[in-house]
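Descriptive structure summary
One letter stands for each residue in the lines below.
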Amino acid sequence: MKFLRNAKTRSIRTVRLAKMLLSGILLTAFSASHAYDQYQYEVLLNPSQDMLRAEDKGRIMIYDGLENETVELAMTSQFNRIENMMFVRTRYIQPDGDIEVEEDGCD
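Residues numbered from 1 in each chain as written. Predicted model: local features only at pLDDT ≥ 70, side-chain atom pairs only at ≥ 80, totals over all residues. Heavy atoms only, no water.

Applying the stated criterion across every chain yields a total of 1 aromatic pair. Geometrically, the ring pair formed by Tyr 63 and Phe 87 is stacked, given 5.4 Å between the ring centres and 25 degrees between the ring planes. Residue Tyr 63 is located in strand 1 (residues 61-64), and its partner Phe 87 is located in strand 2 (residues 85-88); the two are separated by 24 residues in the primary sequence. Pair check on accessibility: Tyr 63 and Phe 87 agree, each one buried. (Phe/Tyr/Trp six-rings, centres within 6.5 Å; stacked < 30°, edge-to-face > 60°. Helix = DSSP H or I, 4+ residues; strand = E, 2+ residues; numbered from the N terminus. Buried < 20%, exposed > 50% of the residue type's maximum accessible area, 1.4 Å probe, protein only.)

Dropping the structure here:
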């Protein structure tokens, strides 16, 4: 009986460890994705003076995977910079909560 209890305890510990590792991996991936989205959002709507100078010299910034509301906001609030923006894989949130990604051929 003691052997079975030890095996069960080891099994429970292994499952817990696997859950913790998986949670850590998912959290890291989400954090990296969120940080990238936040970076794009800041560059798009609150550009630094260095970014504005680079755009004046012809830099094009490609924004990847932003939500369509953010793109629309940029088109109206940053109108003078539109020629330096390119949007790919824009995400559209549907009424049912699903997300559709615009197929723009820029894979």
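All right, on to the side chain of Asn 68 then. Following the sequence through the fold, Asn 68 ends up in helix 3 (residues 68-77). A residue is classified by how much of its surface remains accessible, and Asn 68, at 18% relative accessible area, is buried. Sequence-distant contacts of Asn 68, defined by excluding residues within four places in its chain, comprise Thr 90, Arg 91, Tyr 92 and Ile 93. (Contact = heavy atoms within 4.5 Å.)

Here the focus is the nonpolar core. Judged by nonpolar contacts, Val 43, Leu 44, Leu 45, Met 51, Met 61, Tyr 63, Leu 66, Val 71, Ala 74, Met 85 and Phe 87 together constitute the single largest core of 11 residues. Listing elements by their share of this core, those giving two or more residues are helix 1 (2-45), strand 1, helix 3 and strand 2. Considering every element that reaches this core, the biggest residue donor is helix 1, with 3 residues. Beyond its immediate chain neighbours, meaning those up to four positions away, Met 51 contacts Val 43, Arg 59, Met 61 and Arg 81. (Core = buried A, V, L, I, M, F, W, Y, C linked by side-chain atoms within 4.5 Å.)

Moving on to helix 3. An α-helical turn contains 3.6 residues, so a residue and the one three or four places further along point in the same direction. Inspection of helix 3 places Asn 68, Thr 70, Val 71 and Ala 74 among the buried residues, and these make up the whole buried set. The arc that holds the buried residues of helix 3, viewed along the axis, is 160 degrees, so those residues lie on one side. Residues Glu 72 and Thr 76 are exposed on helix 3 and point more than 90 degrees away from its buried face. (Arc of directions from axis to C-beta.)

This part takes up the pairing of strand 2. With 4 bridges connecting them, strand 1 and strand 2 associate as parallel partners. Within the sheet, the bridge partner assigned to Tyr 63 lies in strand 2 and is Phe 87. The handedness of the strand 1 to strand 2 crossover, carried by helix 3, is right-handed. (Pairing = 2+ DSSP bridges. Right-handed = clockwise from strand over helix to strand, strands pointing away.)

Moving on: the confidence of the model for the protein chain. A low pLDDT means the predicted coordinates there should not be read in detail. Mean pLDDT over the protein chain: 79, with 67% of residues reaching 70 or higher. Mean pLDDT per element in the protein chain: helix 1 is the minimum at 63, and helix 2 (residues 49-56) is the maximum at 95. Low pLDDT (under 50) marks residues 26-32, which in the prediction has 0 contacts with non-local residues, meaning those over four places away or in another chain. (pLDDT = per-residue confidence, 0-100.)

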